[in-house]
Amino acid sequence: MKRILSSEITSESNYRNRRQFIRDAGLAIGGGALASALPLVAAAEGRDLATVPGPHSTDETPNSWTDVTTYNNFYEFGTGKEDPYRNAGDFVTAPWSVKISGECDKPGTHALEDIMAPHTLEDRVYRHRCVEAWSMVVPWVGFPLGDLLKRFAPNSNAKFVRFKTLYDPKQMPGQRRAILDWPYVEGLTIAEAMHPLTLMVVGVFGKELPNQNGAPLRLVVPWKYGFKGIKSIVEIEFTRRQPRTSWELSAPHEYGFYANVNPEVDHPRWSQARERRIGAGLFASKQPTLMFNGYADEVAELYAGLDLRKNY
Ligand SMILES: Nc1nc2c(c(=O)[nH]1)N[C@H]1C(S)=C(S)[C@@H](COP(=O)(O)O)O[C@H]1N2
Ligand SMILES: [Mo]
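In this text, all values refer to a predicted model and were calculated from it rather than measured experimentally.

*Asks:* Can you walk me through the site of ligand 1 in this structure?
*Replies:* Taken together, 18 residues form the shell around ligand 1, and within it Asn72, Tyr75, Glu76, His128 and Lys231 come nearest. For ligand 1, a nitrogen atom lies 2.7 Å from a polar atom in the side chain of Glu76. The side chain of Thr165 places a nitrogen or oxygen atom 2.9 Å from a nitrogen atom of ligand 1. Protein chains bury 99% of the 530 Å² of accessible surface belonging to ligand 1 in isolation. When the residues that make up the shell around ligand 1 are grouped by side-chain class, the tally is 7 nonpolar, 7 polar and 4 charged.

Set out below in structure tokens:
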């Protein structure tokens, strides 16, 4: 394992502070919206996907295509919010395969087409809340992760699910630097993974997922911080023990395994009580952050008896 100097470890939040300052300074002078800082060309739109309306959508107005596809976190392509949009254009996502391993009766490696084929694609509009206290509303296209996982027959030792992003420094310039301990990894409890709100996402706005949003296959867990939504997944492993996650490994006192949005528990460096809706305009006030990102009725029972201040 390569060693990372502590001076090289840069949490998302450090970047956020610096970039927010730059952004605020720019806006104060120019008074422009985010989009004005970008080339006039809109991000390329993928092919249409055949979908059916999914359950569980919020009725909030989705963000724009530009917001969703040009304001991203995908450190493999740079730490700036616009870097993934600028740098992921040539990322090759076909052919793509996913390895399923660990505590299950039917492990194996499957082409993306085999992963997707038996599943009905649904449109689901979900709130997407970042730990940095901004949020968006995104019309994802995907299918329940649980339906996929059941195909591999997890056994009774499967208590957690671990996900891994592609490791390919040739294509992913961010991986040539020790920003995180690559490849990016995430984890869920088996109950979280099987919950019907948890989606394997392959698209946005009825179209194929743009590279910057995690093509061709990423996770979306709407009641958690956006960082649980691991992108460009190549491996899914059923485990007995709770897996370590990338953000936990990089800053354990700031990011826990659960990453449930909790407005009552401050991040070590800022309050989590309010959030800024991307695209709401410069003078829009922040809105209150809801417990479990507004999905408490559906998911609070998953955490009955768990101290949410300790298990953050
Ligand atoms: N592989 C990988 N997945 C990732 C990230 C990343 O840097 N690398 N960033 C996470 C973070 S911090 C967020 S907020 C979401 C952003 O998803 P979006 O760009 O589609 O909004 O992706 C998550 N998934
Ligand atoms: Mo994030």
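*Asks:* How should I be thinking about the sheet that holds strand S6 (residues 160-165) in this particular structure?
*Replies:* In any sheet, the strands associate via hydrogen bonds between backbone groups, in a parallel or an antiparallel arrangement. The 5 strands are arranged S3-S2-S11-S6-S7 in an open sheet whose pairing can be described as mixed. Both edges of this open sheet fall to strand S3 (108-111) and strand S7 (185-189), since each of them pairs with a single strand only. On average, each strand axis in the sheet is tilted by 20° relative to the strand beside it, whichever way the strands run. With 5 bridges joining them, S6 and S7 adopt antiparallel strand pairing. Directly across from Arg162, in S7, lies its bridge partner Gly187.

*Asks:* It is not clear to me how the nonpolar core should be interpreted in this structure. Could you clarify?
*Replies:* In a soluble, globular protein the nonpolar side chains are often hidden away together inside. Core analysis: the biggest nonpolar cluster contains 73 residues, and Trp140, Leu145, Phe163, Leu219 and Ile236 have the highest contact counts within it. It is strand S5 (residues 134-144) that contributes the most residues to this core, 6 residues altogether. Among residues more than four places away in sequence, those in contact with Trp140 are Glu122, Asp123, Arg124, Tyr126, His128, Leu199, Val201, Gly203, Val204, Leu209, Arg218 and Val220.

Calculation rules
Residues numbered from 1 in each chain as written. Chains lettered and ligands numbered in written order. Predicted model: local features only at pLDDT ≥ 70, side-chain atom pairs only at ≥ 80, totals over all residues. Heavy atoms only, no water. Near = heavy atom within 4 Å. Polar contact = N/O pair within 3.5 Å; in protein donor to acceptor, adjacent residues only side chain to side chain. Areas by Shrake-Rupley, 256 points an atom, 1.4 Å probe, with all protein chains shown as cover. Nonpolar A, V, L, I, M, F, W, Y, C, P; charged D, E, K, R; others polar. Pairing = 2+ DSSP bridges. Helix = DSSP H or I, 4+ residues; strand = E, 2+ residues; numbered from the N terminus. Axes fitted to C-alpha atoms, helices over the stretch in contact; angles between N-to-C directions. Core = buried A, V, L, I, M, F, W, Y, C linked by side-chain atoms within 4.5 Å. Buried < 20%, exposed > 50% of the residue type's maximum accessible area, 1.4 Å probe, protein only. Contact = heavy atoms within 4.5 Å.

Fair warning: the whole summary comes from geometry, so function is off the table for now.
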